[in-house]
Amino acid sequence: MFNLLLLFSIASGLSNGETPLQKPPTRPLHGSATANRIVGGVPISIADAPYQVSLQFSKSHICGGSIISRRWILTAAHCILTSSASSFHVRARSSKHASGGSLIRVRRVVVHPLYRDSGVDYDYALVELRRGILLGKYAKAVALPEQGESVADGTICTVSGWGNTQSASESGEILRAAKVPIFNQMQCNDAYAIFGGVTDRMICAGYPEGGKDSCQGDSGGPLVANGKLVGVISWGVECAKPEMPGVYARVAAVRDWIRSSSGV
């Protein structure tokens, strides 16, 4: 799930004048840095997840993101490699991260002010586009929960992206999705106690037996339940490991910040 090994290697080679915003975190990296697809999922059309976008650095896919309005994308703070917005593009309206749809330049990025890479807490970033996305069948803004809105344990969610499938036979060209249930917060905290546990800004999803999960290359992408964006793909231990659910940045914890920072 975590994409930070890949991100750090890119950040270390930034051109002059571009400043990396973070170092690798102390949270566990999520699998190999060279793989990139959803685990245990199936290929889908962008029409099935029209809020999904690819966040690209130098026009190469690094993370996912979610459309929250024509001009704003919500992604993970750890996906933001540099303070130079001109290094980023967003591809929308396409089931492929490398072609099709609309490739739009980024105007600016707004990282949550309380984000610290050492714990990957407050792992949120807003991306403002230079021009609005053409909304329709292949691009739609996802609904957001209200501040403090809860999601019941066991609620089935859809997670999507172009991240690691852990299967060489499954192509990363096409968007994939998997269904995962919300995991009990206390049990998730216990599972990750050795890594500092999970905070109130985090929400967990996955099966006790593992098998389905987001993974590397999916970071920043959507976790959607009942038509609302409840989580941003953030971190975890390996991918789809039993008793180690995926950890997501809880959107309801920062709904007021999203509104005040973007007007959405």
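Residues numbered from 1 in each chain as written. Predicted model: local features only at pLDDT ≥ 70, side-chain atom pairs only at ≥ 80, totals over all residues. Heavy atoms only, no water.

Looking at an unreviewed UniProt entry, the protein carries the name trypsin, with the source organism given as Culex quinquefasciatus. The UniProt entry for the protein carries this comment under Function (unreviewed entry): "Major function may be to aid in digestion of the blood meal." UniProt, in its Catalytic activity (unreviewed entry) section for the protein, records the words "Preferential cleavage: Arg-|-Xaa, Lys-|-Xaa." (UniProt positions renumbered as here; feature names shortened; annotations may be inferred.)

Moving on, we come to the state of the cysteines. Scanning the model with the defined rule gives three disulfides in all. A disulfide bridge connects Cys-63 with Cys-79, and the sulfur atoms are separated by 2.1 Å. The sign of the S-S torsion, about -90°, decides the handedness of the disulfide formed by Cys-63 and Cys-79: left-handed. Pair noted here: Cys-63 is in strand E3 (residues 60-67) and Cys-79 is in the loop between strand E4 (72-75) and strand E5 (88-92), with a separation of 16 residues, a long-range link. The exposure classification of Cys-63 matches that of Cys-79, with both residues buried. One disulfide bridge connects Cys-215 with Cys-239, the sulfur atoms lying 1.8 Å from each other. Its torsion about the S-S bond being 75°, the disulfide of Cys-215 and Cys-239 is classed as right-handed. Residue Cys-215 is located in the loop between strand E10 (202-205) and strand E11 (222-225), and its partner Cys-239 is located in the loop between strand E12 (228-235) and strand E13 (246-250); the two are separated by 24 residues in the primary sequence. What makes Cys-215 buried here is its relative accessible area of 0%. Residue Cys-239 is classed as buried on the basis of its relative accessible area, which comes to 4%. (Disulfide = S-S within 2.5 Å. Helix = DSSP H or I, 4+ residues; strand = E, 2+ residues; numbered from the N terminus. Buried < 20%, exposed > 50% of the residue type's maximum accessible area, 1.4 Å probe, protein only.)

Attention shifts here to the environment of Val-224. By secondary structure assignment, the location of Val-224 is in strand E11. On a C-alpha basis, the gap between Val-224 and Val-142 in space is 8.6 Å, while along the polypeptide they are 82 residues apart. Residues in contact with Val-224, not counting those within four places in the same chain, are Tyr-51, Val-142, Ile-156, Cys-157, Thr-158 and Leu-229. (Contact = heavy atoms within 4.5 Å.)

The next subject is the sheet that holds E3. Spatially, six strands are ordered E2-E3-E4-E7-E6-E5 in a closed barrel, and the strand pairing comes out antiparallel. Averaged over all pairs of adjacent strands, the angle between their axes in this sheet comes to 45°, without regard to strand direction. In the sheet, E5 pairs with strand E6 (residues 102-111) via four bridges, with the strands oriented antiparallel. Considered in E6, the bridge of His-89 is made with Arg-105. Here helix H3 (residues 255-262) sits on the sheet in contact with E4, E6 and strand E7 (125-129), set at roughly 30° to E7. (Pairing = 2+ DSSP bridges. Axes fitted to C-alpha atoms, helices over the stretch in contact; angles between N-to-C directions.)

What follows covers the nonpolar core. Leu-74 and Ile-258 are the most contacted members of the largest nonpolar core, which has 59 residues in total. Top element by residues in this core is E7. It accounts for four residues. If we ignore the near neighbours within four places in the chain, the residues touching Ile-258 are Ile-68, Leu-74, Leu-126, Leu-144, Val-251, Gly-263 and Val-264. (Core = buried A, V, L, I, M, F, W, Y, C linked by side-chain atoms within 4.5 Å.)

All right, on to the environment of Val-254 then. By the secondary structure assignment, Val-254 is in the loop between E13 and H3. Classification of Val-254 as buried rests on a relative accessible area of 3%. Sequence-wise, Val-254 and Tyr-124 are 130 residues apart; in three dimensions their C-alpha atoms are separated by 8.6 Å. Those residues in contact with Val-254 that lie beyond four places of it in its chain are His-112, Tyr-122, Tyr-124 and Gln-147.

Note: E6 against E7, five bridges, orientation antiparallel. Across the sheet, the residue bridging to Val-109 is Val-127, located in E7.

The element E5 is extensively covered by neighbouring structure, given that five of its five residues are classed as buried. Burial along E5 is two-sided: Phe-88, Val-90 and Ala-92 facing one way and His-89 and Arg-91 facing the other are all buried. Relative to E5, strand E2 (residues 52-57) is paired through four bridges, and the arrangement is antiparallel. Following the sheet pairing, Phe-57 is matched in E5 by Phe-88.

Attention now goes to the packing of aromatic side chains. Each aromatic ring pair is described using two quantities: the centre-to-centre distance and the angle formed by the ring planes. Following the criterion strictly, the structure yields three aromatic pairs and no others. Measuring from ring centre to ring centre gives 5.7 Å for Phe-57 and Phe-88, while their planes differ by 65°; the resulting arrangement is edge-to-face. Within this pair, whereas Phe-57 is found in strand E2, its partner Phe-88 is found in strand E5, the two being separated by 31 residues in sequence. When the centroid spacing of 6.4 Å and the interplanar angle of 50° are considered together, the rings of Tyr-192 and Phe-195 count as tilted. For Phe-195, a relative accessible area of 32% translates into the label partly exposed. (Phe/Tyr/Trp six-rings, centres within 6.5 Å; stacked < 30°, edge-to-face > 60°.)

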